[in-house]
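# Architecture at a glance
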Amino acid sequence: MEILHVGAECYPIAKVGGLADVIGALPKYQNNTENNVNVIIPCYQTAFRLENDFDCVHSGKLKLGNFNFPYSVLKETSNKLGFNLYLIEIPELFDRPDIYNYRDDIERFLSFQIAILDWISEWITMPDIIHCHDHHTGLIPFMKKYCPKYEKLKNISTLITIHNGLYQGIFTFNKLYYLPEFDLINIKELEWGNCINSLAAAIKSADKITTVSPSYLNEINYSDNGLETLFQRVRDKSKGILNGIDTDIWDPRKDPMLESNYSISNINEGKQKNKEQLCSLFNMDPTKPLFSFIGRLYNEKGADLLPKVVPSVLTTYKNEINFLILGYGDVRIENELKQLLDEYKGNYHLHIGYNEELAHKTYAGSDFILIPSRIEPCGLNQMYAMRYGTIPIVRRTGGLKDTIIDFEDNGNGICHDQATVEDICDAIQRAVNLYSNKDIIDQIKIKGMNTDHSWEHISQEYIELYNLIIAKRHEN
Ligand code: ADP
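Description of the structure in this document. The structure presented is a predicted model; accordingly, all values stated were derived computationally and were not measured. (Residues numbered from 1 in each chain as written. Predicted model: local features only at pLDDT ≥ 70, side-chain atom pairs only at ≥ 80, totals over all residues. Heavy atoms only, no water.)

## Notes on the sheet that holds strand β8 (residues 170-171)
The three strands are arranged β8-β10-β9 in an open sheet whose pairing can be described as antiparallel. One side of each edge strand has no neighbouring strand; the edge strands of this open sheet are β8 and β9 (191-192). Across two bridges, β9 lies against strand β10 (residues 195-197) in antiparallel orientation. Each residue of the ladder has a partner; that of E191, found in β10, is I196. Docked against the sheet, helix α6 (residues 198-205) engages β8, β9 and β10, running at close to 65° with respect to β10. (Pairing = 2+ DSSP bridges. Helix = DSSP H or I, 4+ residues; strand = E, 2+ residues; numbered from the N terminus. Contact = heavy atoms within 4.5 Å. Axes fitted to C-alpha atoms, helices over the stretch in contact; angles between N-to-C directions.)

In structure tokens, the structure reads:
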């Protein structure tokens, strides 16, 4: 089977969050003698682009309304990623350091999608499936299905995976002329809330929809994302498949970013060495329990609660625990967290920014990882934490609910129900009590390290789904 994964991020080329981890790992586990797997993302000015070799395999001009943008397709030559990587180079739109948050994001990602479909239209043999990830590729199923320009692609099956339903790629009908021509009888397929909604269009036009955890699939039917009734309507073509992790990259036995590698057999000694190094970076005492948070600093992650949680627990447990935060995002939250630095020096450190190496060191060197998300479609942090013998403290929602069970129910972490300061502080209190009970804490850590969240079998679930869609298409 010829599979195309299309998305905005892919580790190690361009990463903001879990989307990159998934697009950088799932294809690797699908690529074998039966499947040829390709990943297509935009060509940003990232270190990976500058430090690796690429061949230009195609070039053309794409039409976005009145604009004509030259584009090229670059293929990575070393094949070291475990799949074929193609970058769509559109110099005027993507020749920039960041992935998102430009004023012309709609034009950027729409051009990216048009370039992909234009390019595939020139292939001699068509791919079997285009697996779209999130709204940045949400108009592909629509354009493939309804634009006569792409008639040649009509037998390709499409699947959209929703990694985060909060972001939808919404724009007004003033920009309708950006899309290649289609019969206006189908315009309803693009629309949600009187706008063009890229995610809604994908949900309507794709052959199948997946969410990145079963619980998230249930939640999007009633949680506040604006698309609830649409999700309810398409329930019979939707499936929740829990994400996996790349156990090759995230492996404490050989992770090159760690101070000291370790496995279950020397977990305490190994973690202690990493903790000592991590704490020494921030002048913290490594004999105290270390609570960390790694992630985007936004309300959906519960990060707005941290500026209240940190003083509350550090006042209660003065000098008894340490707190480390690694993240960036909402400037208001960043500023509130910065203001605590002086007062809680020695017990609290904040690193604003994105730092892959520090993230690895933090998973290895912490005792507990806090994930108090309001919304968590899957969440990878809890899986990385467990793999590194660190205990996750999570709010029961989405993928967190599907992966973490409270230790009092014989589980692998600490759970709380509400995204509130009180609930998080309560959970931290339970963790502090647990910290002194070495036998139980060791059991929980080992249980986490023994949990299998690898892509090995999960990637097969996707292959089965592709086969199902393709078989159905052949029936019709
Ligand atoms: P989301 O995709 O919603 O941000 P996930 O839990 O699915 O959340 O994935 C987050 C990924 O991003 C993990 O690999 C995590 O380690 C990484 N990450 C998040 N913030 C940072 C940061 N500031 N520095 C380094 N890695 C980060």
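That shown, we press on.
## Let's talk about the environment of G329
Inspection of the secondary structure assignment puts G329 in strand β14 (residues 322-329). According to the relative accessible area criterion, G329 is buried, its value standing at 16%. In this structure the C-alpha to C-alpha distance between G329 and G353, which are 24 residues apart in sequence, comes to 8.4 Å. With residues up to four places along the chain from it excluded, the contact list for G329 reads L297, Y298 and E334. (Buried < 20%, exposed > 50% of the residue type's maximum accessible area, 1.4 Å probe, protein only.)

## Re a nonpolar patch on the surface
A cluster of nonpolar side chains, namely Y328, I352 and Y354, defines an oily patch on the protein surface of about 240 Å² accessible area. In this structure, Y328 sits in strand β14. A residue is classified by how much of its surface remains accessible, and Y328, at 31% relative accessible area, is partly exposed. (Patch = residues over 30% accessible without salt bridge, like charges linked within 9 Å, V, L, I, M, F, W, Y side chains within 5 Å. Areas by Shrake-Rupley, 256 points an atom, 1.4 Å probe, with all protein chains shown as cover. Salt bridge = Lys/Arg side-chain N within 4 Å of Asp/Glu carboxyl O.)

## Quick word on the site of the ligand
Every one of the 20 residues lining the ligand counts as a neighbour, but G18, D21, R296, K301 and Y363 are closest to it. Here K15 contributes a side-chain N or O atom positioned 2.9 Å from an oxygen atom of the ligand. Measuring from an oxygen atom of the ligand, one finds a side-chain N or O atom of K301 at 2.8 Å. Look at the ligand: alone it shows 560 Å² of surface, and the protein chains cover 92% of it. The residue inventory of the shell around the ligand, partitioned by class, reads seven nonpolar, eight polar and five charged. Mapped onto the domain boundaries, the shell around the ligand takes at least three residues apiece from domain 1 (2-244 + 456-475) and domain 2 (264-450). (Near = heavy atom within 4 Å. Polar contact = N/O pair within 3.5 Å; in protein donor to acceptor, adjacent residues only side chain to side chain. Nonpolar A, V, L, I, M, F, W, Y, C, P; charged D, E, K, R; others polar. Domains from an automatic or database assignment.)

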